[in-house]
Amino acid sequence: MAKSILLIRHGQGDHNRLFAEGKTAEALSLVDPGINDVGVKQAYDLGGKLRELMDGGKLQLDLIITSPMKRALMTTDTVFGPSPPCPVIVSPLPTELGDGNCDYGSPRSAISSQFPHLDFSLVKEEEWWTLNESQSQLIERIGRFKDFLLSRPESRIAVVSHGRFLTCLVGDDGKVFNSFWNCDAREVLLDKDGLRAGELLVRVEEPW
């Protein structure tokens, strides 16, 4: 039986805004940025929509997996609140393509102390990210992440991740640079034969 995977991109961070304004150097200079006020609103809005679906019996979650990057952790906390519907674990596998300071994380000791309520046991290294990660390295990591999802006992999993990672995961790379808007939530189905689109798509913002 296929697993239902709800893929969520983090809310807007200042690096996203700077990229959109054409200020690439400034965006790349930010180290592990969190989400800004726009991103917080996006995450709150998404949380409300997901709660409506869960309350109506249209969505169930057994596990939430989040990237260790600050913007993903903040999005997870804001979307699911202080009492999430299921356990939350942090994994380095669904982090962003490492291609600049804004896509490199914070040391494990520093980021785990900022989010002490989350389970960082899968983050084994103090500097857990990959510098100047290549596309082939990203694809290999995506393969390991799929294997990790298939190895889990849970069948309904939410993943809070990043634009390029998710775009490549669903096979949209080559069609568009980023097929996930900030705080998009898109269901995919995953089994040993691969990944295919699910039915659920929640979108809280128009492109900015």
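So, a few notes on the structure that sits alongside this text.

What counts, and where the lines are drawn
Residues numbered from 1 in each chain as written. Predicted model: local features only at pLDDT ≥ 70, side-chain atom pairs only at ≥ 80, totals over all residues. Heavy atoms only, no water. Disulfide = S-S within 2.5 Å. Core = buried A, V, L, I, M, F, W, Y, C linked by side-chain atoms within 4.5 Å. Buried < 20%, exposed > 50% of the residue type's maximum accessible area, 1.4 Å probe, protein only. Contact = heavy atoms within 4.5 Å. Pairing = 2+ DSSP bridges. Helix = DSSP H or I, 4+ residues; strand = E, 2+ residues; numbered from the N terminus. Axes fitted to C-alpha atoms, helices over the stretch in contact; angles between N-to-C directions. Polar contact = N/O pair within 3.5 Å; in protein donor to acceptor, adjacent residues only side chain to side chain. Salt bridge = Lys/Arg side-chain N within 4 Å of Asp/Glu carboxyl O.

Evaluation of the coordinates by the stated rule reveals zero disulfides. The closest cysteine sulfur to the non-disulfide-bonded cysteine 86 is located on cysteine 183, 17 Å from its own sulfur.

Leu6, Ile8, Leu46, Leu50, Phe80 and Phe120 are the most contacted members of the largest nonpolar core, which has 32 residues in total. In this structure isoleucine 8 touches Leu46, Leu50, Phe80, Ala158, Val159, Val160, Ser161, Leu166, Asp184 and Ala185, once residues within four positions along its chain are discounted. Formed by 22 residues, the second largest nonpolar core is a distinct cluster that contains Ile5, Leu138, Val170 and Val188.

In spatial order, the strands read 3-2-4-1-5-6; together these six strands make up an open sheet with mixed pairing. Strands at the two margins of the open sheet, each flanked by one partner only, are strand 3 (88-90) and strand 6 (194-202). Put simply, the sheet's adjacent strands are angled 25° from each other on average, direction ignored. Relative to strand 4 (residues 156-161), strand 1 (residues 3-9) runs parallel, the two being bridged by six bridges. Residue pairing in the sheet places serine 4 in a bridge with arginine 156 of strand 4. Against the sheet, helix 3 (residues 37-55) makes contact with strand 1, strand 5 (185-191) and strand 6, and its axis sits at roughly 100° relative to strand 6, the strand it touches most.

Take the side chain of asparagine 36 next. Mapped onto the secondary structure, asparagine 36 falls in the loop between helix 2 (24-29) and helix 3. One polar contact links the side chain of asparagine 36 to the main-chain amide nitrogen of glycine 39, over a distance of 2.9 Å. Beyond its immediate sequence surroundings of up to four residues, asparagine 36 is in contact with Gln12, Gly13 and Asp14.

In this section: the pattern of salt bridges. Side chains that differ in sign of charge can pair as their charged atoms come close. Enumeration over the complete set of coordinates arrives at 15 salt bridges. Of the charged contacts, one joins aspartate 62 and arginine 156 as a salt bridge, the two residues approaching to 2.9 Å between their closest N and O atoms. Here arginine 156 lies in strand 4 and aspartate 62 lies in the loop between helix 3 and strand 2 (63-66), a separation of 94 residues in the sequence. For arginine 156, a relative accessible area of 28% puts it in the partly exposed group. One salt bridge in this structure joins aspartate 193 and lysine 192, with 3.7 Å as the shortest N-O distance. Of the two residues examined, aspartate 193 and lysine 192, each falls in the exposed class. When salt bridges that share partners are traced, they join Asp14, Arg17, Glu21 and Lys23 into one network.

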